[in-house]
Amino acid sequence: MPKIYEYLGIIILFYSNEHEPIHVHGKYQGQESKAEFIIENGMVVEIIIRTVKGRKPLPPNILNDFSNFVHAYSDQIVQKWIDYFVLHKQVKCEKVGRKVK
């Protein structure tokens, strides 16, 4: 399970057995939500935040931080997905300490 970002205590990751659509999971203190990326013509056109079956969702304030992060880093997240799942490259975890809007 590649961890790709740490952001304000939120761990953002892929599970190794993922499936499309491209998405990432955000975990915080045992709670989890995910963000699905809708791509048209090679561009992210929408991001849908969803609950994860069997998991308690992120609390509202953390969910807001997660949503802001995935919107700000959407292109980089998609590239990490391609690197890991398509090109079979290792991806490194990046720590982001500044708050994104």
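It should be emphasised that the depicted structure is a prediction, and the values quoted were computed from it without experimental measurement.

So, on to the packing of helix H1 (residues 60–72) against helix H2 (residues 74–86). The N-to-C vectors of H1 and H2 enclose an angle of 75°; their axes lie 4 Å apart at closest approach. By the angle between their directions, the pair H1 and H2 is classed as roughly perpendicular. Counted together, Phe69, Val70, His71 and Ala72 of H1 and Ser74, Gln76 and Ile77 of H2 form the full contact between these two elements. Among the residues forming the contact of H1 with H2, the class breakdown is four nonpolar, three polar and no charged.

This part takes up the nonpolar core. Core analysis: the biggest nonpolar cluster contains 25 residues, and Ile12, Val24, Phe69, Val70 and Ile77 have the highest contact counts within it. For this core, the secondary-structure elements that each account for two or more residues are strand S1 (3–7), strand S2 (10–13), strand S3 (23–28), strand S4 (31–40), H1 and H2.

Moving on: unusual backbone geometry. With a phi angle near 50°, Asn41 is a residue other than glycine that sits in the positive phi range. Note that Asn41 resides in the loop between S4 and strand S5 (43–51). The phi dihedral of His88 falls on the positive side, at around 55°, and the residue is not glycine. Take His88: it is sitting in the loop between H2 and strand S6 (94–96). His88 sits in the exposed class, given a relative accessible area of 66%.

As a further point, take the sheet that holds S4. Sheet strands pair via backbone hydrogen bonds, and the direction of the pair is either parallel or antiparallel. The sheet built from six strands is open, its strands ordered S5-S4-S3-S2-S1-S6 with mixed pairing. Pairing within the sheet leaves two strands with one partner each, and these edge strands are S5 and S6. On average, each strand axis in the sheet is tilted by 20° relative to the strand beside it, whichever way the strands run. Where S2 lies against S3, three bridges are found, and the strand directions are antiparallel. Bridge pairing in S3 links Ile11 to Lys27.

Counted under the stated rule, the structure contains eight aromatic pairs. Both rings, one in Phe14 and one in Phe85, keep their centres 5.5 Å apart while their planes meet at 65°; by these two values the pair is edge-to-face. Here Phe14 is found in the loop between S2 and S3, whereas its partner Phe85 is found in helix H2, with 71 residues between them in sequence. As far as burial versus exposure is concerned, Phe14 and Phe85 are alike and both buried. Cluster of aromatic residues (ring-pair linked, three or more members): Tyr5, Tyr7, Phe69 and Tyr73.

Criteria and thresholds
Position numbers for residues count from 1 along each chain, tracking the sequence in the order it is written. Local features in a predicted model are, by the rule used here, given only for residues with pLDDT of at least 70; side-chain atom pairs are given and counted only at 80 or more, and totals for whole chains, interfaces and linings are based on all residues. Heavy atoms throughout the structure, all of them, feed into the side-chain values; hydrogens and water do not. To get an axis, a line is fitted to the C-alpha atoms, and for a helix only the part in contact is used. The angle between two axes follows their N-to-C directions and goes from 0 to 180 degrees. A helix here means a DSSP run of H or I that spans at least four residues, while a strand means a run of E at least two residues long, and both kinds are numbered starting from the N terminus. With respect to orientation, any angle under 35 degrees is reported as roughly parallel, any angle over 145 as roughly antiparallel, any angle of 65 to 115 as roughly perpendicular, and every other angle as oblique. Any two residues whose heavy atoms approach within 4.5 Å at even a single point are treated as in contact. Residue classes follow a fixed rule: Ala, Val, Leu, Ile, Met, Phe, Trp, Tyr, Cys and Pro count as nonpolar, while Asp, Glu, Lys and Arg count as charged, and any other residue, Gly among them, counts as polar. To form a nonpolar core, buried Ala, Val, Leu, Ile, Met, Phe, Trp, Tyr and Cys residues must be joined to one another through side-chain atoms within 4.5 Å. Burial status follows relative accessibility: with a 1.4 Å probe on protein chains alone, a residue under 20% of its type maximum counts as buried, one over 50% as exposed, and anything between as partly exposed. We treat two strands as partners when DSSP finds at least two bridges between them. To pair, rings of Phe, Tyr and Trp, with the six-membered ring standing in for Trp, must have centres within 6.5 Å; the planes then decide the type, stacked if under 30 degrees apart, edge-to-face if over 60, and tilted in the middle.

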